[in-house]
Amino acid sequence: YELAGSPEDELRVLEAVKQYQALSGRTQNRYFELLLARNPQRLVQLSSEPSGRGDAAVNFIVAHADAALALPAVATRGASEAPVWRPAYTALVGLYFANSSAQIQGAFRTALAEASIGERLARPVDRKQSLAGDVWFYYGSRYGEYLGVTKKGDPEDYLPAELEHTPTRAAAYFTTALYYEDAGDLNRAVSDYQHVADLDSGRIDVHNRLAGIYWKQKHPDEASSEWRRALQLLKVQVTTEKTQETFWGDFAATVSNLASHQLLTQLQPEISEILHDYVKRNGSYRLQPLLESLLPRMESPGAASALLLDLSADTAEKLSFLRQYAGADTRLKLDREPIFQRLLGLAQDAAQKSEGVAHEYAQQEFESLQVQWLQYLLEKKQFDRVRSELASLPQSTWQRKAELVSIQLKVAAQAGGLDAILDGYRADVDHAPSAELLRKAATEFQQTGDQQSARKVLEFVFTREIDQHNLTAANMLGLAEIRIQSGDLESGVALLRRMTLVVGNPFETQDAAAALLVRTGHPAQGATFLDELVKAVPWNAQYRGRLAQAQVAAGENVDAARKQLAAIASDRYVAYEDRVAFGDGISGAVPGSLGSGELDFLAQGGGSAGNVNPDQPFFFFARVKAARTLPAKERVRLLRAALEDNPSGEAARVPLLKAASEAGDYHLSIAAMKPYLSAGNLENALNANLGTEDETQAEDQPSPGDDTSRLFARLPLKERAEISRELGTAFQNIKSLTQALPYLQRAYRLETDAGLKAQINKQVQQIRFTQRRQAANRARQPEIHSDLEQQHVVRPRLPEQAASSAPRTVAQLPKGGAR
């Protein structure tokens, strides 16, 4: 039912499954999603279930609903707990939603049992009725924050509770300081942050926050001093102490703050020193996150590369260290040329100093780097430098590195010298590159849109193969297509005629020759080959039908051809798929009936065919055709019915994806493509021939020749971009952001329209902002369970939608690592 896009029936099935076994993981979350959308009161009732299932339900509600549903769920969950449990968790949930109702304030007061010290000392506290001991101080501070957020009292009455409980604990002061900073009371925040620094002198995040406050207060010297102190503490961790887990987050936060306040260049020497000490101690271990936070913010790509080259001097394996940064990693924003130059020098030196087997490996490494360097220059369109570098390579390198052929041809095509190189190949055919290499180069030309160069290379390949008497259908068809596309129809037809005489058995290649001519827009010539084929095999309905279609396209014997098509479409001994193919749209030649209501409908071009209704069981082709001209909701109904009758009917899936997206039924959009979403099938097909980082396949994933790839890889890039965008948007609308992101990123790479790329980029940025907010809120929301203690500080929820379309910068988000 999920595949069919029927949430109501899916919910019924999950209810039935739940009676027999406990739901968990994705199935449980899907069950909760459906209940929240269609029967929220039932979800509230589930909060009373035992063995943790009630906790899962109420935590889901707190994370995905609002206070109106979360508070009843807490009340339901608390029925089996001690009396103090319900007001305690009602209070925390009310704080999380910043609910200012009297119910929440009453819950805090009930749980805290407001009384004087004398009253508390006079009689023992019943811990089942009210809070006492350590946990009281936690809830007391939360009540203080609640009073401040809702403006219902003086937060100072309760906010310092944790400080009074543990006056020497730095974390208590940090929590209070965060509240004051968020509330805009910066002086009190500074005071408490300074207490944190006094109690825990190694906390870098405190100095980052103090610096930010001083900068807001227009005290740049104090701010600079705090950031310098943060850098000093970072240096201490990489030189004299154990590197804490918070180091990477603290480093990134410090660099981000310095960059946002235009102080990065000023403090660059201190930051570089930290990285040098880090590399000396740790090498490349977890170095990438540090570089990603710093290098893109430096004044230029050249400066970033210079720092990276300096860091390589601190490593024992300089070559392996630098090689990982020679690739096109756009996150680091490097100038790769000086990196390549250093790599080539190191690799050449290693090859010269080694002997035997080690020399062979070192030489291979050097030559591989030379190829990468040339590809980089080609990417930067520095064609003169590529030609100069190629001319200086020894013959031995050309023999070992086949990639050089492709580079040479690309450079020649840019300068108009491709014909000269191909003429050289023709003059010395024996020493020309192999057909495999040249075909690969032609494919690369096609991928970049240079069809003319691709045709020239393939023409040489096919001509050479034929001259060497490799008379295969593939070679002769390929050369014939090139000649036809270049305008030499007569030569192309002559070559096809030769193919039918010399390749295979008689009439074996007639069909392929005819198909090529029809596909390239020459149906009259194709009809000649098909006519001979029909005379040789008159019983084959496919050949007769294709001949008739070619004649109609060419305007020859149209009436007779349409009658032939009608006869084939009405022949019950012909395969039904063929009857559909030849009967579709032959209006004007249809007899009383073609023997099928669906065929009668199709023959009239999808229009009126008597009383034939296309929306009938198993009228797959009629439903798909009729859906093309209908509004979105009607298209959805017809296409969904078509797939329910024929789940293997691929022709309906992409139209259903688009129709369901247009109608706003995003679960159905995803369900339409579900067969292709597992094991990376769709991803591989959408990425086919793109040369992107996603092109690499795992061993257990399908090969490019599987059904999925054949279905999508032949689509134009524009169509593939649209499919990716529709899927990404569907996942985004059902709140499955982790799945949405890769589809939208792929759509961005595939899309060529600048306006659409900008829209997709805005979606990606909004998703990333929402993911950051959701992570922040998960750290703020209460964790519902039997115990009253919380492992983190519950705080008011942040809004998950950005105030504007642009996400907040890293510098505006909380700093430092988790503690």
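Source: prediction; values computed, not measured.

Caption draft 1: How the structure looks around the overall build of the protein. Assigned secondary structure in the protein consists of 45 helices and zero strands. Taking 819 residues into account, the globule formula puts the C-alpha radius of gyration at 28 Å, and the protein, at 36 Å, lies well above it. Counting only C-alpha atoms, the protein reaches 115 × 80 × 45 Å along its principal axes. Here the protein holds 819 residues, and the buried ones make up 46% of them. Of the accessible surface of the protein, which amounts to about 39900 Å², a share of 49% is contributed by carbon and sulfur atoms. Within the protein, one finds 92 positive and 102 negative side-chain charges whose respective centroids are separated by 3 Å.

Caption draft 2: Spatial organisation of the side chain of Thr175. Secondary-structure assignment places Thr175 in helix α11 (residues 170-183). By relative accessible area, which is 14% here, Thr175 ends up buried. Residues within four places of Thr175 in sequence aside, it is in contact with Arg142 and Val793.

Caption draft 3: Focus on the packing of aromatic side chains. Evaluated as defined, the whole model comprises 25 aromatic pairs. Here the aromatic rings of Trp136 and Phe137 are separated by 5.4 Å at their centres, their planes lie at 80°, and the arrangement is edge-to-face. What makes Phe137 partly exposed here is its relative accessible area of 24%. Both rings, one in Tyr143 and one in Tyr146, keep their centres 6.5 Å apart while their planes meet at 20°; by these two values the pair is stacked.

Caption draft 4: Structural detail: the packing of helix α21 (residues 356-379) against helix α24 (residues 403-414). It is the contact of α21 with α24, at a shortest axis distance of 10 Å, that shows an interaxial angle of 20°. In terms of orientation, α21 lies roughly parallel with respect to α24. Crossing hand, α21 versus α24: left-handed. Along the contact surface, α21 presents Val371, Leu374, Gln375 and Leu378, while α24 presents Glu403, Leu404, Ile407, Lys410 and Val411. For the contact of α21 with α24, the class distribution of residues is six nonpolar, one polar and two charged.

Caption draft 5: Representation of the nonpolar core. Counting 81 residues, the largest nonpolar core has Tyr193, Phe251, Leu287, Leu294, Tyr325 and Ile407 as the members making the most contacts within it. In contact with Tyr325, other than residues within four places in its own chain, are Leu287, Gln288, Leu291, Leu308, Leu332, Leu334, Arg336 and Ile339. Residues Phe32, Leu35, Val93 and Phe97 belong to the second largest nonpolar core, which totals 50 residues.

Caption draft 6: Local environment of unusual backbone geometry. Even without a glycine there, the phi angle at Ala98 is positive, about 50°. Inspection of the secondary structure assignment puts Ala98 in the loop between α6 (85-96) and α7 (102-112).

Caption draft 7: Representation of the pattern of salt bridges within the structure. Under the criterion given, the structure shown has 42 salt bridges. Glu81 is paired through a salt bridge with Arg77; the nearest N and O atoms lie 2.9 Å apart. A residue is classified by how much of its surface remains accessible, and Arg77, at 7% relative accessible area, is buried. Across the salt bridge formed by Arg209 and Glu181, the nearest N and O atoms sit 3.1 Å from each other. Here Arg209 is found in helix α13 (residues 204-216), whereas its partner Glu181 is found in helix α11, with 28 residues between them in sequence. When salt bridges with common partners are traced through the structure, they connect Asp615, Arg623, Glu634, Arg637 and Asp645 into a single cluster.

Caption draft 8: Focus on helix α32 (residues 541-554). Taking 1.5 Å per residue, 14 residues should reach 20 Å; α32 reaches 20 Å between its end C-alpha atoms and fits that length. Every buried residue of α32 is listed here: Ala541, Tyr543, Arg544, Gly545, Leu547, Ala548, Ala550 and Gln551. Considering only its buried residues, α32 is in contact with α30 (510-519), α31 (523-536), α33 (558-569) and α34 (576-583). N-capping of α32 is provided by Asn540, with a side-chain oxygen placed 2.9 Å from the backbone N of Gln542. Two residues or fewer after α32 comes Gly555, characterised by a positive phi angle close to 75°.

Caption draft 9: Broad picture of the environment of Asn257. Looking at where Asn257 falls in the secondary structure, it is placed in helix α15 (residues 247-260). Accessibility expressed as a relative area gives 5% for Asn257, which makes it buried. Between the C-alpha atom of Asn257 and that of Trp227, which follows or precedes it by 30 residues, the distance is 8.7 Å.

Caption draft 10: The arrangement of the environment of Glu650 in detail. Relative to the assigned elements, Glu650 resides in the loop between α37 (632-645) and α38 (653-663). According to the relative accessible area criterion, Glu650 is partly exposed, its value standing at 32%. Linking Glu650 and Lys128, residues 522 residues apart in sequence, is a C-alpha distance of 63 Å.

Caption draft 11: Quick peek at empty space enclosed by the protein. As enumerated under the stated definition, the model contains one cavity of 30 Å³ or more in all. Quantified by volume, the largest cavity comes out at close to 80 Å³.

Caption draft 12: Representation of the packing of α21 against helix α22 (residues 383-392) within the structure. In the contact formed by α21 and α22, the axes pass within 8 Å of each other and the chain directions differ by 155°. Taken as axis vectors, α21 and α22 run roughly antiparallel relative to one another. The hand of the α21/α22 crossing is left-handed. When α21 is examined against α22, the residues Trp373, Leu374, Leu377 and Leu378 are found in contact with a partner set consisting of Phe383, Arg385, Val386, Glu389 and Leu390. Across the contact of α21 with α22, the residue classes break down as seven nonpolar, no polar and two charged.

Caption draft 13: Inspection of the side chain of His207 at higher detail. The topology assignment puts His207 in helix α13. A relative accessible area of 8% means that His207 is categorised as buried. Contacts of His207, omitting those with residues within four sequence positions, involve Ala197, Ser201, Glu226, Arg229, Ala230 and Leu233.

Caption draft 14: Just the environment of Ile760, in detail. Assignment of secondary structure puts Ile760 in helix α45 (residues 754-778). Spatially, the C-alpha atoms of Ile760 and Gln382 are 31 Å apart, while their sequence positions differ by 378 residues. Apart from the residues lying within four places of it in its own chain, the contact partners of Ile760 are Arg725, Leu744, Ala747, Tyr748 and Glu751.

Caption draft 15: Local environment of α15. For α15, built from 14 residues, the straight-helix expectation of 20 Å at 1.5 Å per residue is met to within 8% by its first-to-last C-alpha distance of 20 Å. Along α15, the residues that are buried comprise Phe247, Trp248, Asp250, Phe251, Ala253, Thr254, Val255, Ser256, Asn257 and Leu258. Contacts made by the buried residues of α15 are with α13, α14 (220-239), α16 (268-282) and α17 (287-294). One or two steps after α15, the chain reaches Gln262, where phi turns positive at roughly 55°.

Caption draft 16: Inspection of the confidence of the model for the protein at higher detail. Counting all residues, the mean pLDDT for the protein is 87, and 90% of those residues have values of 70 or more. α6 holds the highest mean pLDDT among the elements of the protein, 97, whereas helix α42 (residues 707-713) holds the lowest, 51. In the model, residues 803-819 has pLDDT below 50 throughout and makes 35 contacts with residues more than four positions away in sequence or in other chains.

Here is what the cut-offs are and how they apply
- Per chain, residues are indexed from 1 in the order of the written sequence.
- Only residues with pLDDT of at least 70 get local features here, since the model is predicted, and only at 80 or more are side-chain atom pairs given and counted; chain-wide, interface and lining totals rely on the full set of residues.
- For the side-chain quantities, the full set of heavy atoms in the structure was used; hydrogens and water were omitted.
- Strands here are runs of E lasting at least two residues and helices are runs of H or I lasting at least four, both read from the DSSP assignment and numbered beginning at the N terminus.
- Atoms considered for the radius of gyration are the C-alpha atoms alone. The globule rule reads 2.2 Å times the number of residues to the power 0.38.
- Between buried and exposed lies partly exposed: a residue is buried under 20% and exposed over 50% of the maximum accessible area for its type, with that area taken using a 1.4 Å probe on protein chains only.
- Only the protein chains shown count as cover for residues, and all accessible areas are computed by the Shrake-Rupley method using a 1.4 Å probe.
- Under the convention used here, Asp and Glu are negative, Lys and Arg are positive, and both His and the chain ends fall outside the count.
- Lys charges are placed at NZ, Arg charges at CZ, Asp charges at CG and Glu charges at CD.
- Residue contacts are counted whenever heavy atoms from the two residues lie within 4.5 Å of one another.
- Any two rings among Phe, Tyr and Trp, with Trp reduced to its six-membered ring, count as a pair given centres within 6.5 Å; such a pair is stacked if its planes are under 30 degrees apart, edge-to-face if over 60, and tilted if neither.
- Interaxial angle, 0 to 180 degrees, is taken between N-to-C directions of lines fitted to C-alpha atoms, where a helix line uses only the stretch in contact.
- Should an angle fall under 35 degrees it is called roughly parallel, over 145 degrees roughly antiparallel, and 65 to 115 degrees roughly perpendicular, with every other angle called oblique.
- In a left-handed crossing the near helix is turned counterclockwise from the far helix by less than a right angle, and in a right-handed crossing that turn is clockwise.
- In this classification, the charged set is Asp, Glu, Lys and Arg, the nonpolar set is Ala, Val, Leu, Ile, Met, Phe, Trp, Tyr, Cys and Pro, and all remaining amino acids, among them Gly, are polar.
- Residue types Ala, Val, Leu, Ile, Met, Phe, Trp, Tyr and Cys, when buried and joined through side-chain atoms within 4.5 Å, form a set referred to as a nonpolar core.
- Put simply, a salt bridge is a Lys or Arg side-chain nitrogen that is within 4 Å of an Asp or Glu carboxyl oxygen.
- Given the number of residues in a helix, its expected span is that number minus one, multiplied by 1.5 Å.
- Two N or O atoms form a polar contact when they lie within 3.5 Å of each other; inside protein one atom must be a possible hydrogen donor and the other a possible acceptor, and for residues adjacent in sequence the pair counts only when both atoms belong to side chains.
- In this analysis the probe radius is 1.4 Å and the grid spacing 1 Å, with only protein atoms considered; a cavity is a set of points the probe fits into but cannot get out of, a pocket is an open set with protein on both sides within 12 Å along at least five of seven lines, and lining residues have an atom within 4 Å of a point.
- Grid points are joined across faces, edges and corners, and a volume is the space filled by probe spheres set on the points.
- Scored from 0 to 100, pLDDT reflects the predictor's confidence in each residue.

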